[in-house]
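In case you want the letters, here they are:
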Amino acid sequence: MNQNEERAEVFFDTLRMELPAYITELEREAVRDEVPVIRRAVRDLLRYLLRVNRPKKVLEVGTAVGYSALFMKECLPAASRITTIEKVQMRLVKARENFEMYDREKRIRLVEGDACEKLVEMADREDSFDFIFMDAAKGQYLNFLPSILSILRPGGILVSDNILHDCDVLESRYAVKRRDRTIHARMREYLYTITHMEELETICLSLGDGVTVSTRMNSTIH
């Protein structure tokens, strides 16, 4: 983040609506424990999209400690429900604690297991969602996509976070560490795919670590 971007963030903080105290505390805990959570600019985008579109069924791929699911709950109508998928046991323990404490209405359903497998199961059951937030293993986004397209209803919104992977995606594959080259290639392929397919209309934004917003089209536009 350059100096002007930092100044802008400080200014935007004066405009942001105050969050529930527990959300602010969860963010502090995540920073302290070095748990990655959504950045504030992406949080602003999610809030806008959720409050404007008021989706009834939301899916999150990648729960971590439950911060973003709980934040999204605060942005949604009382009748809306969130399903969130996580496989890392250490994260699951903390997410369960946070949901038990801060989701007394039981509006969030935690699904434990590998996201690829769980998404296939959802597609097989013909589940459908109005809004999907993808914030899991970046190298898997492309593998998630077929199932995501099956369960995202026409007119539904898909938000994919961290698409720049700490800006590595902007570099030549030879400029990134060898261990990151597979993620680099897969994310570039994912971005090309979602920006060139007829089923989705996608915009790429440089907010945070990069984010895309895609809408599932009702029909092909000619």
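Residues numbered from 1 in each chain as written. Predicted model: local features only at pLDDT ≥ 70, side-chain atom pairs only at ≥ 80, totals over all residues. Heavy atoms only, no water.

S.K.: What am I meant to see in the pairing of strand 4 (residues 129-134) here?
M.R.: Where a strand is regular, its side chains alternate between the two sheet faces. Burial analysis of strand 4 places six of its six residues in the buried class, the great majority of the element. Where strand 1 (residues 57-61) and strand 4 come together, four bridges link them in parallel fashion. Within strand 4, the position partnered with Val61 by the bridge is Met134. Of the pairings in the sheet, the one linking strand 4 to strand 5 (residues 152-161) comprises five bridges and is parallel in character. Along strand 5, the bridge assignment pairs Met134 with Ser160. Handedness of the crossover joining strand 4 and strand 5 through helix 7 (residues 141-151) is recorded here as right-handed. (Buried < 20%, exposed > 50% of the residue type's maximum accessible area, 1.4 Å probe, protein only. Helix = DSSP H or I, 4+ residues; strand = E, 2+ residues; numbered from the N terminus. Pairing = 2+ DSSP bridges. Right-handed = clockwise from strand over helix to strand, strands pointing away.)

S.K.: So what exactly am I meant to see when it comes to the nonpolar core here?
M.R.: Across soluble globular proteins, nonpolar side chains show a tendency to be buried alongside one another. Judged by nonpolar contacts, the single largest core of 30 residues is most densely connected at Leu46, Phe131 and Val159. For this core, the elements supplying multiple residues, two or more each, are helix 2 (21-32), helix 3 (40-53), helix 4 (67-75), helix 5 (89-102), strand 4, strand 5 and strand 7 (211-216). With six residues, helix 4 is the single largest residue contributor to this core. Membership of the second largest hydrophobic core comes to 26 residues, among which are Leu59, Ile132, Ile148 and Ile151. (Core = buried A, V, L, I, M, F, W, Y, C linked by side-chain atoms within 4.5 Å.)

S.K.: So what exactly am I meant to see when it comes to the environment of Phe99 here?
M.R.: Position of Phe99 relative to the elements: it lies in helix 5. On the basis of relative accessible area, Phe99 is assigned to the buried category, the value being 8%. Sequence-wise, Phe99 and Tyr67 are 32 residues apart; in three dimensions their C-alpha atoms are separated by 9.3 Å. Apart from residues lying up to four places away in sequence, Phe99 is in contact with Thr63, Gly66, Ala69, Leu70, Thr84, Arg104, Ile108 and Leu110. (Contact = heavy atoms within 4.5 Å.)

S.K.: Which parts of the structure should I look at to understand the packing of aromatic side chains?
M.R.: The geometry of two aromatic rings is summed up by the distance between their centres and the angle between their planes. Applying the stated criterion across every chain yields a total of four aromatic pairs. Between Tyr141 and Phe144, the ring centres sit 6.5 Å apart and the planes meet at 35 degrees, which makes this aromatic pair tilted. Taken together, the positions of Tyr141 and Phe144, both in helix 7 and three residues apart, correspond to about one turn of that helix. Accessibility classification places Tyr141 together with Phe144 in one group, the buried group. Between Tyr141 and Tyr190, the aromatic rings sit 5.4 Å apart at their centres with planes inclined by 70 degrees, giving edge-to-face as the arrangement. Residue Tyr141 is found in helix 7, and its partner Tyr190 is found in helix 8 (residues 181-196); the two are separated by 49 residues along the sequence. For Tyr141, a relative accessible area of 0% corresponds to the buried category. Take Tyr190: its relative accessible area is 0%, and that puts it in the buried class. Above the plane of the ring of Phe71 lies Arg43, whose end atom (NZ or CZ) is 5.9 Å from the centre. Here the basic side chain of Lys57 rests over the ring of Phe129, its NZ or CZ set 5.0 Å away from the ring centre. (Phe/Tyr/Trp six-rings, centres within 6.5 Å; stacked < 30°, edge-to-face > 60°. Lys NZ or Arg CZ within 6 Å of the ring centre and 35° of its normal.)

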